[in-house]
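# Observations on the three-dimensional arrangement
Here are the chains, one letter per residue:
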Amino acid sequence: MATQTQTAGVLPQRGSRSGLINTFVALFALAVVINGGVMVWVWLKDGGVTQVHNFTEFLLSFGRITGLVGAYMALLQVLLLARLPPLERRIGLERLTVWHRRNGKLVIYLVVIHVVTSTIGYAQTAHTGLWLQFKEFLNIYPGMVTATVGTALMLLTVVSSLVIARRRLPYEAWYGVHLTVYAGIVLAYLHQIPSGTDFFTSTVQSDWWIALYVVTLALLLIYRVLLPLRQFVRLDLHVSAVERVGPDVSSITITGKHLESLGAVGGQFMLWRFMSKGLWWQSHPFSLSAAPNGRALRITVKAVGGYTRLLQDVPVGTRVLAEGPFGRFIGARRQRRRVTMIAGGIGVTPLRSIFEELSDAAVTFIYRAVDDADLVLHDEITQLAKERGAQVHDLVGDHRDPRFAELLSSKNLIEICPDIASSDVYLCGPVPMMHHAIENLKAAGVPKHQIHWEAFAFAA
Ligand SMILES: Cc1cc2nc3c(=O)[nH]c(=O)nc-3n(C[C@H](O)[C@H](O)[C@H](O)COP(=O)(O)OP(=O)(O)OC[C@H]3O[C@@H](n4cnc5c(N)ncnc54)[C@H](O)[C@@H]3O)c2cc1C
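Predicted model, so just to flag it, every value in this text is computed and none were measured.

With that out of the way, let us pick up the site of the ligand. Looking at the ligand, there are 21 residues lining it, with His284, Pro285, Lys302, Thr308 and Thr349 nearest. Take His284: an N or O atom from its side chain is 2.6 Å from an oxygen atom of the ligand. Between the ligand and Thr308, the relevant distance is 2.4 Å, taken from an oxygen atom to a side-chain nitrogen or oxygen of the residue. Of all elements in the fold, only helix 8 (171–189), strand 4 (284–287), strand 5 (296–302) and helix 12 (306–311) reach the threshold of two or more residues within the shell around the ligand.

With that out of the way, let us pick up the pairing of strand 5. Of all seven residues that make up strand 5, six are buried, and the element is covered over most of its length. Bridging between strand 2 (residues 249–255) and strand 5 involves seven bridges; their strand directions are antiparallel. Considered in strand 5, the bridge of Thr255 is made with Ala296.

Take the packing of helix 2 (residues 55–80) against helix 11 (residues 203–235) next. Direction vectors running N to C along helix 2 and helix 11 enclose 20°, while the axes themselves pass 9 Å from each other. Put simply, helix 2 runs roughly parallel to helix 11. As for the relative orientation of helix 2 and helix 11, their crossing is left-handed in sense. Residues Leu68, Ala71, Tyr72, Leu75, Val78 and Leu79 of helix 2 form the contact with helix 11, whose participating residues are Trp209, Leu212, Tyr213, Thr216, Leu219 and Leu220. Looking at the contact of helix 2 with helix 11 residue by residue, the classes come out as eleven nonpolar, one polar and no charged.

Time to look at the packing of aromatic side chains. Remark: the centre distance and the inter-plane angle together describe each pair of aromatic rings, the angle taken between the planes. Scanning the model with the defined rule gives 14 aromatic pairs in all. Relative to Trp209, the ring of Trp208 lies with its centre 5.6 Å away and its plane at 55°, an arrangement referred to as tilted. Ring centres of Phe269 and Phe326 lie 5.7 Å apart, and the angle between their planes is 40°; this geometry places the pair in the tilted category. With Phe269 in strand 3 (residues 269–274) and Phe326 in strand 6 (residues 320–326), this residue pair connects regions lying 57 residues apart in the sequence. For the pair shown, Phe269 and Phe326 are each scored as buried.

Right, let's talk about the packing of helix 2 against helix 4 (residues 93–125) for a bit. The interhelical angle for the contact between helix 2 and helix 4, taken along N-to-C directions, is 155°, at an axis separation of 7 Å. Judged by the inter-axis angle, helix 2 sits roughly antiparallel to helix 4. Crossing handedness for the pair helix 2 and helix 4: left-handed. Residue classes in the contact of helix 2 with helix 4 are distributed as 17 nonpolar, 15 polar and no charged.

Backbone-to-backbone hydrogen bonds pair the strands of a sheet. The strands run either parallel or antiparallel. The strand order 4-3-6 describes an open sheet built from three strands, whose pairing is antiparallel. The outermost strands of the open sheet, each flanked by one partner alone, are strand 4 and strand 6. The sheet shows a mean angle of 30° between the axes of neighbouring strands, taken without regard to direction. Sheet strands in contact with helix 11 are strand 3 and strand 6, and its direction is about 115° off that of strand 6.

Bringing a nonpolar patch on the surface into the picture now. On the surface, Phe55, Phe58, Phe62, Leu106, Tyr109 and Ile113 cluster together into a nonpolar patch covering about 580 Å² of accessible area. Contributions of two or more residues to the nonpolar patch are made by helix 2 and helix 4. By the element assignment, Phe58 lies in helix 2. A relative accessible area of 38% places Phe58 in the partly exposed class.

On to the pattern of salt bridges, then. A full pass over the atoms with the stated rule returns 14 salt bridges. The partner of Arg244 in a salt bridge is Asp313, and the shortest N-O contact between them spans 3.5 Å. In this pair, Arg244 sits in strand 1 (residues 238–246) while Asp313 sits in the loop between helix 12 and strand 6, placing the two residues 69 residues apart along the sequence. The exposed category is assigned to Asp313, whose relative accessible area is 58%. In this structure, the salt-bridge partner of Asp419 is Arg338, at a minimum N-O distance of 3.2 Å.

Attention now goes to the environment of Asn35. Its location among the elements puts Asn35 in helix 1 (residues 11–45). Separated by 173 residues in the primary sequence, Asn35 and Trp208 have C-alpha atoms spaced 9.4 Å apart. Here Trp208 takes part through its side chain, which lies 2.9 Å from a polar atom of the side chain of Asn35.

A few words on unusual backbone geometry. For the bond running from Gly324 to Pro325, omega is 5°, close enough to zero to count as cis. As for its position among the elements, Pro325 is in strand 6. The phi torsion at Leu377 lies on the positive side, around 60°, for a residue other than glycine. Along the chain, the position of Leu377 falls in the loop between strand 8 (362–369) and helix 14 (378–388). Taking the relative accessible area as the measure of exposure, Leu377 reaches 6% and is therefore buried.

Structurally, Ser423 is set in the loop between helix 15 (410–416) and strand 10 (424–428). For Ser423, a relative accessible area of 0% corresponds to the buried category. Of the polar contacts made by the side chain of Ser423, one reaches the side chain of Thr340; its length is 2.9 Å. Within the local environment of Ser423, its side chain forms a polar contact with the backbone oxygen of Ile420, the two atoms lying 2.8 Å apart. Once residues lying within four places of it in the same chain are set aside, the contact partners of Ser423 are Arg336, Arg338, Val339, Thr340, Val446 and Gln450.

Cut-offs used in this document
- Residues numbered from 1 in each chain as written.
- Predicted model: local features only at pLDDT ≥ 70, side-chain atom pairs only at ≥ 80, totals over all residues.
- Heavy atoms only, no water.
- Near = heavy atom within 4 Å.
- Polar contact = N/O pair within 3.5 Å; in protein donor to acceptor, adjacent residues only side chain to side chain.
- Helix = DSSP H or I, 4+ residues; strand = E, 2+ residues; numbered from the N terminus.
- Buried < 20%, exposed > 50% of the residue type's maximum accessible area, 1.4 Å probe, protein only.
- Pairing = 2+ DSSP bridges.
- Axes fitted to C-alpha atoms, helices over the stretch in contact; angles between N-to-C directions.
- Parallel < 35°, antiparallel > 145°, perpendicular 65-115°, else oblique.
- Left-handed = near helix turned anticlockwise from the far one by under 90°.
- Contact = heavy atoms within 4.5 Å.
- Nonpolar A, V, L, I, M, F, W, Y, C, P; charged D, E, K, R; others polar.
- Phe/Tyr/Trp six-rings, centres within 6.5 Å; stacked < 30°, edge-to-face > 60°.
- Patch = residues over 30% accessible without salt bridge, like charges linked within 9 Å, V, L, I, M, F, W, Y side chains within 5 Å.
- Areas by Shrake-Rupley, 256 points an atom, 1.4 Å probe, with all protein chains shown as cover.
- Salt bridge = Lys/Arg side-chain N within 4 Å of Asp/Glu carboxyl O.

Nothing here speaks to function; it is geometry throughout.
In structure tokens form, the structure reads like this:
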């Protein structure tokens, strides 16, 4: 039966690994819960509830638990984006990024509450003012100066991450500030063992706490630094061709060794770092725009900002460091033989590579663009459609013009693809277009679980 059979090599490989991946994810979740439980137990054992007899003691105890949980969540924050392969494969980088953002807010709230309640609690105990107490913390308690700098760095990250600030800041500036949060976590750590009531009183407890930090940092180092470097050396990736395929759009082919070992499939994306002038210090996500064939990987990039503009002329021969592949926007998600693909502008890239791999599906390809010139990779899609007996529908027109605003209406979608409700739908394009299309697909009777989408922004 055609519905479950996918491109050779895709499903069998995933199927055989999925047991291991699920086991790792379950063990990871268990470790998180157990260590969280140990932390609460330590707090309770050291009088978290039993030694609270008045409001001051309540503040001190509350300050302790919020500090502990905040520090623990900060370690989880690091692990969520440590690129642990089983987490990436089971949950997906996009979803992990969303969790990372939400968890990050929680960490900051907890750290702020910890600082405020501890300062008030200690000030009330010493019958002194808040400012004097704060100065005393800095002067007397070990590690407090570094902890204050660490907290300030964490707050700086939050400010830069606020949506408004992020829109005003260039992405790279935001990312640079964001990286300082690692320093913030280490600096905050420096006050926990010498000044934390739960640790300086017990070697076992402090050893356990140190172990949590060591394991987290080791995983970060292995998966964010050492393995990407090993992949860089082993794959020996370099740019082998650059081709202009539209106004401000280029396809870049990257070749190297052992590419099949990546296990990449159409629709996935990688984080690409091009080792040439002006490009080497940043990595950006781009989807594979052709199905990987073991010999080459291809991406197609639209110039929307400084980095992507420079990339249009990346020299052939440039070495490339690529992390990944990531993403679950792949042909193997399909459950039906009928597939509708809806591409919006440069969102065509992952759809083009998925389409290439869906040799046994009945595909209707809808290509939405503002202008004919934006229909990049159109010839390739038409060629693939010809080979597979698929249909391609171009819907061209500026959505701001009322005549073209409803090109993706449910009525239009049903007209183009009468059995759309019984098809899997793959969708990628600008975020507003996708929201609009998803609403209309639902109105056209497509169940939510049959709609697969990819956004070109982690926060979408
Ligand atoms: C999963 C995914 C797949 C993508 N696939 C493609 C593709 O196949 N072809 C294509 O042309 N574009 C793709 N993009 C979009 C591409 O990554 C951005 O257009 C590019 O990073 C913009 O960089 P810039 O400096 O030129 O522009 P800027 O003006 O600096 O950025 C424009 C926007 O791109 C995002 N962005 C910028 N830098 C990064 C970064 N390092 N990491 C994550 N997001 C960033 C931010 O939301 C920013 O607001 C994809 C994005 C994602 C998340």
